[in-house]
Structure formats: structure tokens, C-alpha cells
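# Structural overview
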Amino acid sequence: MSSTCDIRHIQDPNENPNVISRLLKTHPPSGVPLLDSAGRPLPEGLDCLTHLIRHLRAQWLDYSENAEDKEEEAINPILRYAWLKFYPDSEDPEQDLELVGEARKAKGDVSRALQLVHVDLEHMGEFLELCCSPLMNQTLWSRREWYLLYSILYRDANEPIWREKACPGREENGRRSLLHYDCRIEKSLSLQDFISTQFEPRINADGSSELWLSQAPKVVRVLYNPSTIARQSFHDLRDFEMPIFNNTRAAEWLNDVGTFDDMPRKTLAYTLLAVVRCGDTQTGVDVIRTYEPYTSPMPTSYLRSFFGSQHDWSLQDDTPAQYLLVYGNFAQGRIYDAVCDESWPLLPEDEEVEEIMDWAFDALLEELSKPQPQPQAPGTRL
């Protein structure tokens, strides 16, 4: 059997989800390089992004072969590539030239398919360019339950009334889902404070105001630029809580009831799933490290394609680099009902109809959202 066939042709995701999840997480692309027109190896951005996609898909397996899923894959060759069976049939894959040839062919096929949608790996093969490209924004990053914003409220300068902005297209939804955390500017701003400020009223250059409302997505991406003076530790960046408002009633609350500070809200816990070091200035190499929720990094043998000899790196290294931090929400299946109207404090005209809040349910949600620290695996720097 070919080593690069579609995993879904071997295992049914609906019948064998655990098998599919394990294969996606533990078998990254082979790392066989493509060459540019001058015969030089192209950047590893494609394989790095592919393994990130596989790791995220493995957490939820929310692919159901519906019309939306099929349309995304028809548009984006990387999403099809990310379903391939990369693990080898041979017990000694490094010596198996046939497997190497198949891997190179699969990578060449996706490279040519990307050219048809105006993505040339020779000129935009770095991870960050691919990950933040319009192609990825209009497919994976704007996927239902993956994009960040439920809506944006705004009010014009010197106007008291908050209104909801028109919904953007998918590409814009995906672009807005990337948060920029630049500690070179805000050196003392913690990750938690940064996240909180993203969902507070902000004043634009023209004097208008905006308020972002999160839709409690499964995935949150943060582009992190460390401070050159004092770097944050891994544990400072390991998790955060996102404020969640009663989105369908937020404008009504602000216009008719109270202020932002006393607007009802809950929080949803997110934990680190992956870190990508994006082409540092010394090596120009993209490397990825993946995590299981609240545990140490996955064994580096699973990441061989992207590290090469660079297994020993840390978020606290002095190497100049940007990092993409990718977080996941694992309480969503249990907590999602907390985002609907029934569990929120009601507006005054509704208070006679129902109780204001189910406090016992809130306590349960808070307990479920707490991280459960696990011991770090020996021999791996964070």
C-alpha cells in the first residue's frame, strides 16, 4: 500500500476516531525537501504547517465530510495534503528509496496544486507566510467554531449608541482570528492581560469605538514577539482565560442597561497546543513543537521533520524570532451551553420570567475549566 494515501481511505473517522487521532498526531510529513529552480532546498514551511493542522485536527476530529468540509478541501490543497498517510510501511524508512520517492511526489503534487491557486512555495514557502495566507484564512482559520470573533460592536465618535458591524467574508474572518502579542512594545504586559484587553472597548484613530465579541472558538492563534529585555517563561504562556459575553444581548446591555465594566461575562480556559518558532534570523528555519493538553511536549521523535538537529530550543532563548502560539479550548463540549442565552443574567424586563443565573452550573464550569498540571517529561526544554 502506498505510504502517502489518504488516511480516511484506510480508517473511517466516524468508526475509528482514536486511531485517526493517533496517526495524525504522531506521524508528521516525512520532511523530504523540494528544490527550487536553482537546486536549493525550499523552506520547511509547508511540512511545518501540515503537522500543525494534523495536530489540531487530531484534538477534535470535527471533519464530517459535509459540503463545507468538501468545499474547503477543493479550494485548499494543503488541507488535502494534511490527510495523507505519512507513516511508512517499511521498518527502515530511511533506507527505503521507494518511500522517499512517494513522499517527494506527494509534496511535488501539492506544490503544483498550490501554484494553481497562486501560492508559489519558491517565493512564499516560509511557515508564517503560508499560515497567514489568504488561502488559509478563507478556509481553515475561518472554519465554523475555529474563527475567533462572533461579531464586532461599534459606535461612531461622540455617539452613544452601539451597533453591530456587518459580518465580514471568510478571508477577513480568518485574518482577524490571529492576535498580535508584541512584548517589544508592551514589555510588562502579561499574556492574560493582553487577551483581556482584546475584548475591551478600543478607540480607533477616527475616534470611533469597537468591542470585539468572541464566539468561544476551539482554536486561538497568537503571534508572539518576545521582549528583548526580559523573556516570559513557558509557564507564563501556557494558558489563559478568555472573557465570553452574552453576544446576542451585548449591544442591548450597553445601550439600555449598564456599562461595559458591569456587563455579564464568563471565562473560558485555553491551553497551549503548539509552538512554532518562525524562521529565526540565524538559521531561517521554521520548527514546531506540539503538546498534549496540560502535559509536556510530545516526544521529539514525532517532530523529526521539523527540527533536524535543533531539538534543544526554548521560548526563552535569546535567538531573535517570532513565535506562533496555538491554544485549544477543551471544555467546549461541556461548556458550550453556557454561551447561549438561557444561562446568562437576563435583562430587567425578563427577570420575572426566569431566574437570573444557575450558580451551581457556574461553579461546575469553573471547576471543569481549571488546568490540571502534569509533570514535565525529562530531557525536554520548554
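Just above, that's the structure.
Notes on the structure follow. Only a predicted model underlies this, so the values are computations on that prediction, with no experimental measurement involved.

Thresholds, definitions, all that
- Residues take numbers from 1 onward in each chain, read along the sequence in its written order.
- Only residues with pLDDT of at least 70 are given local features in this predicted model, and only at 80 or more are side-chain atom pairs given and counted; all residues enter the totals for whole chains, interfaces and linings.
- To get the side-chain values, take all heavy atoms of the structure and skip hydrogens and water.
- Basic side-chain nitrogens of Lys or Arg form a salt bridge, by our definition, when they fall within 4 Å of a carboxyl oxygen of Asp or Glu.
- Secondary structure elements follow DSSP: runs of H or I of four or more residues count as helices, runs of E of two or more count as strands, with numbering from the N terminus.
- For the exposure calls, accessible area comes from a 1.4 Å probe over protein chains only, and a residue counts as buried if that area is under 20% of its type's maximum, exposed if over 50%, partly exposed in between.
- Side-chain atoms within 4.5 Å link the members of a nonpolar core, which is a set of buried Ala, Val, Leu, Ile, Met, Phe, Trp, Tyr and Cys residues.
- Note on pairing: two strands pair once DSSP finds at least 2 bridges between them.
- We call two residues in contact whenever any of their non-hydrogen atoms come within 4.5 Å of each other.
- In this scheme, patches are assembled from residues that exceed 30% relative accessible area and form no salt bridge. Like charges are connected within 9 Å, while nonpolar side chains (Val, Leu, Ile, Met, Phe, Trp, Tyr) are connected within 5 Å.
- All accessible-area figures derive from a Shrake-Rupley calculation using a 1.4 Å probe, and residue coverage is judged against the displayed protein chains alone.
- None of His or the chain ends enter the tally, which takes Lys and Arg as positive and Asp and Glu as negative.
- To locate a charge, the coordinates of NZ of Lys, CZ of Arg, CG of Asp or CD of Glu are taken.
- By disulfide we mean two sulfur atoms from cysteines, separated by a distance within 2.5 Å.

## Examining the pattern of salt bridges
Per the counting criterion, the structure on display carries 16 salt bridges. The residue Arg-143 makes a salt bridge to Glu-72 at a minimum N-O spacing of 3.0 Å. Taken together, the residues span a long stretch of sequence, with Arg-143 in the loop between helix 7 (134–137) and strand 1 (149–155) and Glu-72 in helix 3 (residues 67–75) at a distance of 71 residues. When its relative accessible area of 9% is taken as the criterion, Arg-143 is described as buried. We note a salt bridge from Asp-109 to Arg-112, for which the minimum N-O separation is 2.7 Å. A residue pair is termed a helical-turn pair when its members lie 3 or 4 positions apart in one helix, as Asp-109 and Arg-112 do in helix 5 (residues 97–116) at three residues. For Asp-109, a relative accessible area of 32% corresponds to the partly exposed category. Linked by salt bridges that have partners in common, Glu-68, Asp-69, Glu-72, Arg-143, Arg-144 and Arg-170 make up one network.

## A few points about the environment of Ser-196
Along the chain, Ser-196 falls in helix 9 (residues 191–198). A residue is classified by how much of its surface remains accessible, and Ser-196, at 24% relative accessible area, is partly exposed. The spacing of Ser-196 and Phe-240 is 44 residues in sequence and 9.3 Å in space, taken between C-alpha atoms.

## Some points on unusual backbone geometry
The residue Asn-158 is not glycine, and still its phi comes out positive at about 65°. Tracing the chain through its elements places Asn-158 in the loop between strand 1 and strand 2 (163–164). With phi around 55°, Ala-216 is a residue other than glycine that occupies positive phi space. Relative to the helices and strands, Ala-216 resides in the loop between strand 5 (209–214) and strand 6 (219–225).

## Notes on the nonpolar core
Residues Val-220, Met-242, Leu-325 and Tyr-327 are the most contacted members of the largest nonpolar core, which totals 42 residues. Leu-84, Leu-114, Phe-127 and Leu-130 belong to the second largest nonpolar core, which has 40 residues in total.

## A look at the sheet that holds strand 4 (residues 202–203)
Taken in spatial order, the four strands line up as 2-1-5-4 in an open sheet, and their pairing is antiparallel. Every other strand in the sheet has two partners, leaving strand 2 and strand 4 as the edge strands with one partner each. Relative to strand 5, strand 1 runs antiparallel, the two being bridged by six bridges. Residue pairing in the sheet places Tyr-154 in a bridge with Glu-210 of strand 5.

## Re the environment of Leu-79
Positionally, Leu-79 belongs in helix 4 (residues 77–81). Each residue touching Leu-79, except ones within four places of it in the same chain, is listed here: Ile-53, Arg-57, Glu-72, Glu-73, Thr-139 and Leu-140.

## Things to note about a negative patch on the surface
On the surface, a cluster of negative charge is made up of Asp-193, Glu-200, Asp-261 and Asp-262. Tracing the backbone shows Asp-262 in the loop between helix 10 (250–256) and strand 8 (265–278).

## What about the state of the cysteines?
One pass over the full model with this rule turns up zero disulfides. With no disulfide partner, Cys-132 has as its closest neighbouring cysteine sulfur the one in Cys-131, 4.8 Å distant. Relative accessible area serves as the criterion here: at 26%, Cys-132 is assigned to the partly exposed category. With no disulfide of its own, Cys-278 lies closest to Cys-48 among cysteine sulfurs, the gap being 7.4 Å.

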